Amino acid sequence: MDEEPTASKSATYNTTDYNLYTMIWSPNDIRFYVNNVLQYTYARVSGGGTQQWPFDVPFYLILNQAGGAGWPGAITNADLPFSMQVDYVRVYKLPLFSNGDFESGVIYPWTTWGGGSSVISTDARTGTKCIRETGGETSIEQYLTGLTPNTTYRFGGYAKVSAAGQSVSIGVKNYGGTAVNATIGTTSYSSNSVTFTTGTNNTTATVYFYKPLSGTVYGDDFYLEKL
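Reading the values: the criteria
Residues numbered from 1 in each chain as written. Predicted model: local features only at pLDDT ≥ 70, side-chain atom pairs only at ≥ 80, totals over all residues. Heavy atoms only, no water. Helix = DSSP H or I, 4+ residues; strand = E, 2+ residues; numbered from the N terminus. Rg over C-alpha atoms; globule rule 2.2 N^0.38 Å. Contact = heavy atoms within 4.5 Å. Areas by Shrake-Rupley, 256 points an atom, 1.4 Å probe, with all protein chains shown as cover. Lys, Arg positive; Asp, Glu negative; His and termini not counted. Charge placed at Lys NZ, Arg CZ, Asp CG, Glu CD. Phe/Tyr/Trp six-rings, centres within 6.5 Å; stacked < 30°, edge-to-face > 60°. Buried < 20%, exposed > 50% of the residue type's maximum accessible area, 1.4 Å probe, protein only. Lys NZ or Arg CZ within 6 Å of the ring centre and 35° of its normal. Pairing = 2+ DSSP bridges. Axes fitted to C-alpha atoms, helices over the stretch in contact; angles between N-to-C directions. Patch = residues over 30% accessible without salt bridge, like charges linked within 9 Å, V, L, I, M, F, W, Y side chains within 5 Å. Salt bridge = Lys/Arg side-chain N within 4 Å of Asp/Glu carboxyl O. Polar contact = N/O pair within 3.5 Å; in protein donor to acceptor, adjacent residues only side chain to side chain.

Quick look at the overall build of the protein chain
Assigned secondary structure in the protein chain consists of one helix and 11 strands. Starting at the N terminus and ending at the C terminus, the protein chain contains elements arranged as β-β-β-α-β-β-β-β-β-β-β-β. Relative to its length of 227 residues, the protein chain is extended, with a C-alpha radius of gyration of 22 Å against a globular reference of 17 Å. Judged by the C-alpha coordinates and their principal axes, the protein chain covers about 75 × 40 × 30 Å. For the protein chain, the proportion of contacts with a sequence separation of at least 24, taken over those separated by at least 6, is 65%. For the protein chain, the computed accessible surface area is about 14,000 Å², with 51% contributed by carbon and sulfur atoms. Measuring between centres, the 13 positive side-chain charges of the protein chain sit 8 Å from its 17 negative side-chain charges.

Right, dumping it as structure tokens:
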């Protein structure tokens, strides 16, 4: 990398017990957590190239114990011996689709455009949170990778509108075929879904929750399944 990002962050941790260190590596960023608290995010920059984002290839996992040599500072005999105890190391593959219930409290990995989209702590169908879209034309979208070509999937979820006459759509696009969507216009939560089959060489798709007009709509419990 031509330039290394610099970050300074103090994290609360246990000095007499094990701590949980987590790294979430997604197609768009790498996030670092200590005891489930986000400490730093390194984001992919559009057009940055491999110098800025070289993380689209396999990497090694390294468990490193540092001492001296500048950071974390000079060491003395009183600091020795060093030891690092590791209880477990776990590696998980991110699901093709995630955060369909918004219980994380954030929209990510959905992206937004148009009017106002936010995660709220009222009007949830299940759990404590849901997505709300208000104002004019509004959408949240999630870019999926790792799909299988020539394979049929179902994307669905639950939604409601704040007043009769409003509507919101659940849909999929950019999968190798014509965009498909299903509409919900009820004032209490109801479900709908669409099926789509990826193209011969398509391994990606974009799912969306789209409000075309003014008003307020709510969404919760979205899902993706392979058929």
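Notes on the packing of aromatic side chains
Enumeration over the complete set of coordinates arrives at 16 aromatic pairs. With centroids separated by 5.7 Å and ring planes inclined at 70°, the aromatic side chains of phenylalanine 97 and phenylalanine 155 adopt a geometry described as edge-to-face. With phenylalanine 97 in the loop between helix H1 (49-52) and strand E4 (111-120) and phenylalanine 155 in strand E6 (residues 152-161), this residue pair connects regions lying 58 residues apart in the sequence. Residue phenylalanine 155 is classed as buried on the basis of its relative accessible area, which comes to 0%. Within the aromatic cluster, the residues linked to one another by ring pairs are Phe97, Phe102, Trp110, Phe155, Phe209 and Phe222. Positioned over the ring face of tyrosine 88 is arginine 90, at 3.9 Å from the centre of the ring. Lysine 160 extends its terminal NZ or CZ atom over the ring of tyrosine 218, reaching a point 5.4 Å from the ring centre.

Quick notes on the sheet that holds strand E3 (residues 37-43)
Sheet architecture is open: three strands sit in the order E1-E2-E3, paired in antiparallel fashion. Of all the strands in the sheet, just strand E1 (21-25) and E3 have a single pairing partner and so form its edges. With direction set aside, neighbouring strand axes in the sheet form an average angle of 15°. Pairing of E1 with strand E2 (residues 29-34) involves five bridges; the strand directions are antiparallel.

As for a nonpolar patch on the surface
On the surface, Met23, Trp25, Phe32, Val57, Phe59, Leu61, Leu63, Met84, Val86, Val89 and Val91 cluster together into a nonpolar patch covering about 1,100 Å² of accessible area. Locating methionine 23 in the fold gives a position in strand E1.

Some words on the pattern of salt bridges
Summed over the entire model, instances satisfying the criterion amount to six salt bridges. Between lysine 173 and glutamate 141 there is a salt bridge, with the nearest N and O atoms lying 2.9 Å from each other. Of this pair, lysine 173 sits in strand E7 (residues 168-173) while glutamate 141 is found in strand E5 (residues 130-144), placing the two residues 32 residues apart along the sequence. You can call lysine 173 partly exposed: its relative accessible area is 25%. Between glutamate 225 and arginine 154 there is a salt bridge whose closest N-O contact spans 2.5 Å. With glutamate 225 in strand E11 (residues 216-226) and arginine 154 in strand E6, the pair connects residues that are 71 residues apart, well separated along the chain. In this structure arginine 154 comes out as partly exposed when scored by relative accessible area, which is 26%.

Remarks on the environment of leucine 227
Along the chain, leucine 227 falls in the segment after E11. Residues leucine 227 and valine 180, 47 residues apart in the sequence, show an inter-C-alpha distance of 17 Å. Leave out the neighbours within four places in its chain, and leucine 227 touches Thr152, Tyr153, Arg154 and Thr195.

Here's the deal with the side chain of threonine 138
By secondary structure assignment, the location of threonine 138 is in strand E5. Within the structure, the side chain of threonine 138 is placed 2.7 Å from the backbone oxygen of glycine 136, a separation counted as a polar contact. Residues in contact with threonine 138, not counting those within four places in the same chain, are Trp113, Gly114, Gly115, Gly116, Ser117, Glu133, Phe209, Tyr210 and Lys211.

Geometric descriptors of this kind do not, in isolation, establish any biological role.
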